[in-house]
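# Architecture and fold: a report
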Amino acid sequence: MDDSAKPGSFYDSFTKINESISGFLDNVYGHSIVWVLIVLLLGAGVIFTIRSRFMQIRMFPHMVKVILGSRDGAKGGISSFQAFAIGLADRVGTGSIAGVALAVVAGGPGAVFWMWVVAAVGMVTAFIEATLAQLYKVRNGDGTFRGGPAYYIQRGLGSRGWGIVFAILLIFAYGFSFEMIQSNSISQLAHTSFGIPPWASALVLILMTLPLVLGGVKPIARFSELLAPAMALLYVLMGIMVMALNYQRIPSVFSEIFAGAFGQGTYVPPAVAGATGAFVAAITTGIKRGLFTNEAGMGSAPNAAATATVSHPVTQGMVQSLGVFVDTMLVCTSTGFIILMSEPFWNPDRSADLDGTALTSTSLVTSLGGAGHVEGIVAILVMAMMICFGYSTILGNYTYAETNYRFIVGLKRSTLPLKILVIFATALGAVLPLVAVWSIADWATALMTIVNLVAILLLGKWALGALRDYQAQLKEGKIPEFQSLDNPHMPGELPTSVWHVKGGHEESWAEMEAESHDLNEAK
């Protein structure tokens, strides 16, 4: 990426190490872990879809109603909408642009179909894990909460060891490798489109990230509340414009997506041969990239869901479930159609010379730009959106990493080492070649997801019990408020005082202080 790099330099050595790691991880990940992931991911989604009686379909209008009224009621903490925005900011990142583009090139148009499948069942999986995060959350003592898979693994399954394993995997993925991906995508696009040197991008990203990362979760929540929905809407509108300008190609694009999903399309990825190879490439690439972008079942978004102050756990479960729909069905689908509608997408010479971000940018410029100053305006707009996508995701990633860092070391320990790691990864990703980072991210994502999916399969009955309680109150015409004590819909008593009274907001200071200590200290 940097023309000044010379053979034998650190840059060149890092490139060779990256290529070696990438080859090894692609071989391991592509032939073993990915199939375990596919079975667990789709299996859990189908199981919870049936057990919840297709809640993602029958309760979809109610989800929209909940999200429209979720900006109020934080009572000094983080509102439901702010927690949704943190999750959306993380989901709708450069993976929605670069990741989807890579999936379409490597897996063909059929990869888009398998992203849709992951999202359809993933909405329920996201609901289950977000509801569990709310059920097992603990207080910070300042009006906010924290929680997530590490907490419900320890509290629900009684295993702090596996909670720590999950927390370490998440810190590695979200505090390091994913931060590098975001900054690298921004840096590459700036260098390709405008000739901006990578070191300049690194410096700007450090200056932008430093104040909010040092400020903690609350400033990030307020920032994400404004930025994430706006950038998602703008990007979807650009996708709609591309479809409107190329409406005659819509039937053929849908045909390629559905045919390619089963290896029958006209486009065969260069790395595979035959219908079977094309099918395998479409399903594996689509599911891996779909998981990376919408994060359903991965165990990351529940860390944001747990921070919300709500009157019922199911409320935040539905809000986070809708986030999967927004990310995959709207944003990622927009990326897929932007690429597939730009003529000719499947030219091997064209896609071989572009990374995922540049491919999407070039496709947008081709479809919307035309000639002269209009093309320049579109390129600038794409760059601005890419900065917003990547920057908001860097901040969202940090909040997840901080929650799990505190799970391991405690509330009293400084988070400065984690902040330094995030800032270092952001700078490093902007200036170094990252051949292996997508492979490393996929590997970490797979392990995280497997641990989390096993946990939610074992604990799912608690989330489903909370859903029954929520629906019962709705039928009675009440505004649902949750209470864990003597609740006939729940399988037992929750090991937390947060929900001992309706709404979970009226504990004594003694109870709040007990919840504020780390679980290992509280023991």
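Note that the coordinates shown come from a computational prediction; the quantities given were computed from them, not determined experimentally.

When pLDDT is averaged across the protein, the result is 77; 73% of the residues are at 70 or more. For the protein, per-element mean pLDDT is lowest for helix 20 (residues 509–516), which scores 42, and highest for helix 7 (residues 149–157), which scores 94. Taken together, the stretch residues 1–7 has pLDDT below 50 and engages in 14 contacts with residues farther than four places along the chain or on a different chain. Overall, residues 506–523 carries pLDDT values under 50, and its contacts beyond four positions in sequence, including any with other chains, amount to 35 contacts.

To continue, consider unusual backbone geometry. The phi angle at Arg 53 is positive, at roughly 60°, despite the residue not being glycine. The topology assignment puts Arg 53 in the loop between helix 1 (10–51) and helix 2 (55–58). Positive phi is not limited to glycine here, since Asp 486 has a value of about 55°. On the secondary structure map, Asp 486 appears in the loop between helix 19 (437–475) and helix 20. For Asp 486, a relative accessible area of 71% puts it in the exposed group.

Moving on, we come to the environment of Ala 444. Here Ala 444 is to be found in helix 19. As a C-alpha pair, Ala 444 and Phe 172 span 272 residues in sequence and 7.7 Å in three-dimensional space. Setting aside its immediate chain neighbours within four residues, Ala 444 contacts Phe 172 and Ala 173.

Looking at the element boundaries, Thr 315 is found in helix 14 (residues 313–340). When near neighbours in sequence (up to four residues on either side) are disregarded, Thr 315 contacts Val 66, Val 310 and Tyr 470.

With that settled, consider the packing of helix 8 (residues 160–194) against helix 18 (residues 416–431). Helix 18 packs onto helix 8 with a crossing angle of 30° between their chain directions and a minimal axis gap of 7 Å. Seen along the crossing, helix 8 lies across helix 18 with a hand that is right-handed. Only Leu 418, Leu 421, Val 422, Phe 424, Ala 425, Thr 426, Leu 428, Gly 429 and Ala 430 of helix 18 make contact with helix 8, whose side of the interface consists of Ile 171, Gly 175, Phe 176, Glu 179, Met 180, Ser 183, Asn 184 and Ser 187. For the contact of helix 8 with helix 18, the residue count by class is 10 nonpolar, 6 polar and 1 charged.

It is worth spelling out the packing of aromatic side chains at this point. Following the criterion strictly, the structure yields 15 aromatic pairs and no others. Through a chain of ring-to-ring contacts, the aromatic side chains of Phe 113, Trp 114, Trp 116, Phe 254, Phe 258, Phe 262 and Phe 337 assemble into a single cluster. For Lys 137, the ring lying beneath its charged end belongs to Phe 145, and the centroid distance is 3.8 Å. Directly above the ring of Phe 407 sits Arg 160, whose terminal nitrogen or CZ lies 4.6 Å from the centroid.

Take a nonpolar patch on the surface next. Together, Val 46, Ile 50, Phe 54 and Ile 57 make up an exposed nonpolar region whose accessible area comes to about 400 Å². Looking at the secondary structure, you find Phe 54 in the loop between helix 1 and helix 2. Under the relative-accessibility criterion, Phe 54 is labelled partly exposed at 44%.

Turning next to the side chain of Thr 49. Considering the arrangement of structural elements, one finds Thr 49 in helix 1. The class for Thr 49 is buried, based on a relative accessible area of 6%. Of note is the side chain of Thr 49, whose polar atom sits 3.4 Å from the side chain of Gln 56. Once residues lying within four places of it in the same chain are set aside, the contact partners of Thr 49 are Phe 54, Gln 56, Val 121 and Val 124.

All right, on to helix 6 (residues 110–135) then. When the terminal C-alpha atoms of helix 6 are compared, their 38 Å separation across 26 residues agrees well with the 38 Å that a helix rising 1.5 Å per residue should span. Gly 122 marks where helix 6 bends most, by close to 40°. Counting buried positions along helix 6 yields 24 of 26 residues, so the element is predominantly enclosed.

Another aspect to go through is the pattern of salt bridges. One pass over the full model with this rule turns up 2 salt bridges. For the salt bridge of Glu 402 with Arg 406, the shortest nitrogen-to-oxygen distance reads 3.5 Å. Of this pair, Glu 402 and Arg 406 both sit in helix 17 (residues 373–409), 4 residues apart, roughly one helical turn. In this structure, Glu 476 and Lys 478 form a salt bridge, with 3.0 Å as the shortest nitrogen-oxygen distance. On the accessibility criterion, Glu 476 (53% relative accessible area) is exposed.

Rules used in this analysis
Residues numbered from 1 in each chain as written. Predicted model: local features only at pLDDT ≥ 70, side-chain atom pairs only at ≥ 80, totals over all residues. Heavy atoms only, no water. pLDDT = per-residue confidence, 0-100. Helix = DSSP H or I, 4+ residues; strand = E, 2+ residues; numbered from the N terminus. Contact = heavy atoms within 4.5 Å. Buried < 20%, exposed > 50% of the residue type's maximum accessible area, 1.4 Å probe, protein only. Axes fitted to C-alpha atoms, helices over the stretch in contact; angles between N-to-C directions. Left-handed = near helix turned anticlockwise from the far one by under 90°. Nonpolar A, V, L, I, M, F, W, Y, C, P; charged D, E, K, R; others polar. Phe/Tyr/Trp six-rings, centres within 6.5 Å; stacked < 30°, edge-to-face > 60°. Lys NZ or Arg CZ within 6 Å of the ring centre and 35° of its normal. Patch = residues over 30% accessible without salt bridge, like charges linked within 9 Å, V, L, I, M, F, W, Y side chains within 5 Å. Areas by Shrake-Rupley, 256 points an atom, 1.4 Å probe, with all protein chains shown as cover. Salt bridge = Lys/Arg side-chain N within 4 Å of Asp/Glu carboxyl O. Polar contact = N/O pair within 3.5 Å; in protein donor to acceptor, adjacent residues only side chain to side chain. Expected span 1.5 Å × (residues − 1). Bend = angle between axes of the 7 residues up to and from the residue.

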